[in-house]
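Close look at the chain arrangement
Chain by chain, the residues:
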Amino acid sequence: MKFLAAAGLAIVFFTQLAASPLAAQDMQIFRVATAGRAGTYFPIGGLISTAISNPPGSRPCGEGGACGVPGLVATALTSNGSVANVNAIGFGLVESGFSQSDVAYWAQTGTGVFLGKKAVGNLRAIASLYPESLHLVAAKDAGIESVGDLQGKRVSLDEPGSGTLVDARIVLSAYELDERDLDVDYLTADEAARKLVEGELDAFFFVGGFPADGIAKLAERFPVKLVPIGDDRAQEVIRQNRFFSQHLIPAGTYEGQAEDVQTLSVGALWLTSADQDDDLIHGITKALWNDASRKLLDEGHAKGRLIQQETALDNIAIPLHPGAARYYREAGLLKK
């Protein structure tokens, strides 16, 4: 319903734009499903949407105008996150979306958390964007020093349909815990932060690029700590799940964080459907990596600087969209 409402509003706006005198050429809408506003997906989605857009009536790129795909109007939509996004792409509710690399692989192959469900076989990759850190955020006075200390605590695993919920369950299982051992809630990061401040929650999981805006704002007004996930149990998670890797959130990333925090990470992928036109996806991929987009990403968000063409094919274990693959062959990043 969230997708349908947001998509409906977007279509109303774009329909009005198309009827305006500026619409001197055909216009095409391209939606990018992200996640909640508190994380990294939504602001990055906004930057990428701006980068690939070139609305009808725009000034030419060489004259300081839009440098995206001619006639394309892209927009970032909020969503429940990775699982919801891959399903929305599969059902044709959106043209593209972001997902954790593990969720994308499981969805496309019908394995992992998608075992026993219909695979999203038409899922295709455009680019790998940046690593996403698993945050376990706890109230400083909650007495939580490790994942094992979550037993009996009030913990949010994130909302249904999110990649965070999938990863939280994997981590809990590695520490021989499950939802029955915790007082569990399933909240967005914004809702979890509010409950933490109000004393109604002890900790919550969140997966996203650091610094995450919602967590940064929380740390500025309430004493929290990042709980490390870097012991032998974490190494077992990496051995059993090919998409996790060891990761470090540097000291000073968040207010009051005096030390580096070891944790896990997965890759953030930009996905689309095999049904999308090859020339369109080729143009979008080319627009993502032009000089104007580079400046926009570098200046728009701390994680934007990590979105590099040289790592665009990292951590991708599902097929590339043919249009994207054509661009990477032209750029010399992909062999025929």
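Here, every reference points to the structure presented above.
What comes next is a walk through the structure.

Calculation notes
- Residues numbered from 1 in each chain as written.
- Predicted model: local features only at pLDDT ≥ 70, side-chain atom pairs only at ≥ 80, totals over all residues.
- Heavy atoms only, no water.
- Phe/Tyr/Trp six-rings, centres within 6.5 Å; stacked < 30°, edge-to-face > 60°.
- Helix = DSSP H or I, 4+ residues; strand = E, 2+ residues; numbered from the N terminus.
- Buried < 20%, exposed > 50% of the residue type's maximum accessible area, 1.4 Å probe, protein only.
- Lys NZ or Arg CZ within 6 Å of the ring centre and 35° of its normal.
- Pairing = 2+ DSSP bridges.
- Disulfide = S-S within 2.5 Å.

Each aromatic ring pair is summarised here by two numbers: the centre-to-centre distance and the angle between the ring planes. Counted under the stated rule, the structure contains two aromatic pairs. With a centroid separation of 5.4 Å and an interplanar angle of 75 degrees, the aromatic rings of Y41 and F98 are classed as edge-to-face. Here F98 lies in strand β3 (residues 96-100) and Y41 lies in helix α2 (residues 41-52), a separation of 57 residues in the sequence. Comparing Y41 with F98 shows no difference in burial state: the two are buried. Judged by centre distance (5.5 Å) and plane angle (70 degrees), the rings of Y327 and Y328 are edge-to-face. Its relative accessible area of 11% is what places Y327 among the buried residues. Since its relative accessible area comes to 0%, Y328 is described here as buried. For K117, the ring lying beneath its charged end belongs to F114, and the centroid distance is 5.8 Å. The cationic tip of K303 hangs over the ring face of F210; the distance from NZ or CZ to the ring centre is 3.8 Å.

With that settled, consider the pairing of strand β10 (residues 261-273). The buried fraction of β10 amounts to 12 of the 13 residues, a majority that puts the element mostly inside the structure. Inspection of the sheet shows β3 paired to β10 by five bridges, in the antiparallel sense. Among the inter-strand pairings, S99 is bridged to a residue of β10, identified as L269. Two strands pair when backbone bridges link them, and strand β4 (residues 123-139) and β10 are joined in this way by nine bridges, in the antiparallel orientation. Counterpart to Y130 in the pairing with β10 is A268. Looking at chain direction, strand β9 (residues 245-249) and β10 are connected through five bridges and run antiparallel.

What follows covers unusual backbone geometry. In this model, F210 is joined to P211 through a cis peptide bond whose omega is 0 degrees. A positive phi is found at D158, a non-glycine position, where the angle reads about 85 degrees. With respect to the helices and strands, the residue D158 is situated in the loop between β5 (154-156) and α5 (163-174). Residue D158 is classed as buried on the basis of its relative accessible area, which comes to 7%. For E176, which is not glycine, the phi torsion reads 60 degrees and is therefore positive. Relative to the helices and strands, E176 resides in the loop between α5 and β6 (183-185). According to the relative accessible area criterion, E176 is exposed, its value standing at 67%.

Considering all chains together, one arrives at one disulfide under this definition. Bridging C61 to C67, the disulfide has an S-S length of 1.9 Å. One quick way to see it: the torsion about the S-S bond of C61 and C67 is about 85 degrees, and its sign makes the bridge right-handed. Looking at C61, the relative accessible area reads 41%, which means it is partly exposed.

A separate point is the pairing of strand β7 (residues 203-208). For β7, a buried count of six out of six residues is recorded, marking the element as mostly surrounded by other parts of the structure. Across the two faces of β7 the burial is the same, with A203, F205 and V207 and F204, F206 and G208 all buried. Summarising the sheet, β4 and β7 pair through six bridges and their orientation is antiparallel. In the strand pairing of β7, L134 is matched with V207. Inspection of the sheet shows β5 paired to β7 by two bridges, in the parallel sense. In the sheet register, V155 faces β7, and the bridge partner there is A203.

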